[in-house]
Amino acid sequence: MINKNSILRYSSIILLALIVTLMVSCKNEASSFNTDVAVNVSVQEVKKKPIEQTLITTGSIKPQLEANLKTELTAHYYLQTNPKTGKPFKMGDRVKKGQLIILLEDQEYTNNANLDGAHLDMEISEMEYEKQQALFEKGGVTKRELVNSEKTLLTSKQTYQNAELSIEKLNIRSPFDGVITDLPYFSPGIRVDNATAVLSLMNYSTMMMDLSMPENLLGQVRIEQQANIMNYALPNDTLKGRITELSPAIDMEARTFKGRLKVDNHSALLKPGMFVKAEIVVDQRDSALVIPKDVILSEGNRRMVFVAKNSAAQKRYIRTGLETLTEIEVLEGLKPDERLIIKGFETLKDRSKVKVVK
């Protein structure tokens, strides 16, 4: 005979079994639902392309050639005419090396230099020396007389050269091919003092950029490394430069070292004083599997991405190489033309169903 307690225990066991069965059923149903619903994703075929790993630094750029000329004496000022324009020289004019820009005049100074007299003395000394040479060969003069004649000739030549140098101080010429960047105005014929700034020129077909880089990059940066030069005012133009100088010394306070870039600026896109960004190419590949950096996920110490294959997501662990701000080289884990999931990958698991959408 079954007592009441036995019935209650039996009923409780049956009820517990039903609850467990129901929970397992719900779990399986949810699991089935998760695997059956496809996640919308966007894909990109993995392709080979060039990639450059760069170090980024910023600074102001300056011309390779620059000159600020001052007067070397007190004299009257006369700005010369630009033969190209037929007008007096002005800021922005291009000039050739040796071209006369400003003429200074001072009659007393010119008289004291006595260029013409020094030239005549040199000619007389040359004739006297030639005569003494001829006589010496015939025994008409002594060796001492010949040497004294030669000494007189050398002295007269030096006197003439000094006179030429003195007169040249009256001529303000361009020391190189360039552009006039500053030309203070003086009334024609006004007397200007010694050491007055009268002319500034630049040649910025080649530009220089001084660098200050952290010491941990010392082993990665080398002479002749290439660099990409950019300016915010030139969003669509990138100029090429190269490292020409590197200091082996480390600044003990800032923990940096110095370098210098040379930039080809024949297109004149860069202007002196511009603040620019330099991307120094420390390594490069002409052909590499390259993917966007923002599609990479982390799993512990491992990097992974998802690819779409047969309407399912496949998890791939990858090994990476060179990288830029936005892209990275994949050394292992992907093959060319595989469909890399670039959108919708955040919630994916291995073998999740996916639907490729644009």
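This text follows the structure it describes.
Note that this is a predicted model, so its numbers are computed, not measured.

Visitor: Whenever I open this one, the sheet that holds strand β10 (residues 191–192) confuses me. Can you help?
Guide: Note on sheets: strands pair through backbone hydrogen bonds, and any given pair is parallel or antiparallel. In space, the 4 strands of this open sheet follow the order β8-β7-β3-β10, with antiparallel pairing throughout. Looking at the sheet topology across the chains shown, the edges are occupied by β8 (171–173) and β10. Looking at chain direction, strand β7 (residues 100–105) and β8 are connected through 3 bridges and run antiparallel. Each residue of the ladder has a partner; that of I102, found in β8, is I172.

Visitor: Just checking my understanding: could you explain the nonpolar core for this structure?
Guide: Note on soluble globular proteins: their nonpolar side chains tend to be buried together. In terms of nonpolar packing, the biggest core is built from 25 residues, with I61, I229, L261 and L270 touching the most fellow members. Elements that contribute at least two residues to this core include exactly β2 (47–70), β11 (197–214), β12 (226–230), β13 (239–246), β14 (256–264) and β15 (275–292). Element by element, the count of residues in this core is highest for β11, at 6 residues. Membership of the second largest hydrophobic core comes to 22 residues, among which are F89, I167, L170 and L183.

Visitor: Whenever I open this one, unusual backbone geometry confuses me. Can you help?
Guide: In most cases, non-glycine residues show a negative phi, while peptide bonds are predominantly trans. One non-glycine residue, A268, lies in the positive phi region at around 60°. Residue placement: A268 occurs in the loop between β14 and β15. At D337, a residue that is not glycine, the phi angle is positive and equals roughly 75°. Structurally, D337 is set in the loop between β19 (327–332) and β20 (339–343).

Visitor: I'm lost on the packing of helix α3 (residues 115–138) against helix α4 (residues 143–168) in this one. Help?
Guide: When two helices pack together, you describe them by how their axes are tilted relative to each other and by the distance separating the axes. It is at 8 Å that the axes of α3 and α4 come closest, and there the two elements cross at 160°. In terms of axis orientation, α3 runs roughly antiparallel to α4. Relative to α4, α3 is oriented so that their crossing is left-handed.

Visitor: Hey, could you run me through the pairing of β2 in this one?
Guide: Residues in a regular strand point their side chains to alternate faces of the sheet. In this structure, β2 lies alongside β15, joined through 13 bridges in antiparallel fashion. Across the sheet, residue E52 finds its bridge partner in β15, namely Q284. Pairing of β2 with β11 involves 9 bridges; the strand directions are antiparallel. Residue P63 lies in a different strand from β11, and its bridge partner there is M207.

Visitor: Hey, could you run me through α3 in this one?
Guide: Taking 1.5 Å of rise per residue, the 24 residues of α3 would be expected to cover 34 Å, and the 35 Å separating its terminal C-alpha atoms lies within 8% of that figure. Among all positions of α3, only G117, A118, M122, S125, Y129 and Q132 are buried. On its buried side, α3 packs onto α4. Looking one or two residues beyond α3, the residue adopting positive phi is G139, at roughly 85°.

Visitor: Which parts of the structure should I look at to understand the pattern of salt bridges?
Guide: Oppositely charged side chains may form a pair once their charged atoms are brought near each other. As enumerated under the stated definition, the model contains 20 salt bridges in all. Salt-bridge contacts for K49 lead to E327; the nearest nitrogen and oxygen are separated by 2.9 Å. Taken together, the residues K49 in strand β2 and E327 in strand β19 connect sequence positions 278 residues apart. By relative accessible area, which is 25% here, E327 ends up partly exposed. The shortest N-O distance in the salt bridge between D93 and K90 comes to 3.1 Å. Of the residues examined, K90 reaches a relative accessible area of 46% and is grouped as partly exposed. Within the structure, one salt-bridge network assembled from shared partners comprises K62, D210, E245 and R260.

Visitor: Can you help me understand the side chain of E329 in this one?
Guide: With respect to the element layout, E329 can be found in strand β19. At 3.4 Å, the side chain of E329 forms a polar contact with the side chain of R285.

So, how was this worked out
Residues numbered from 1 in each chain as written. Predicted model: local features only at pLDDT ≥ 70, side-chain atom pairs only at ≥ 80, totals over all residues. Heavy atoms only, no water. Pairing = 2+ DSSP bridges. Helix = DSSP H or I, 4+ residues; strand = E, 2+ residues; numbered from the N terminus. Core = buried A, V, L, I, M, F, W, Y, C linked by side-chain atoms within 4.5 Å. Buried < 20%, exposed > 50% of the residue type's maximum accessible area, 1.4 Å probe, protein only. Axes fitted to C-alpha atoms, helices over the stretch in contact; angles between N-to-C directions. Parallel < 35°, antiparallel > 145°, perpendicular 65-115°, else oblique. Left-handed = near helix turned anticlockwise from the far one by under 90°. Expected span 1.5 Å × (residues − 1). Contact = heavy atoms within 4.5 Å. Salt bridge = Lys/Arg side-chain N within 4 Å of Asp/Glu carboxyl O. Polar contact = N/O pair within 3.5 Å; in protein donor to acceptor, adjacent residues only side chain to side chain.

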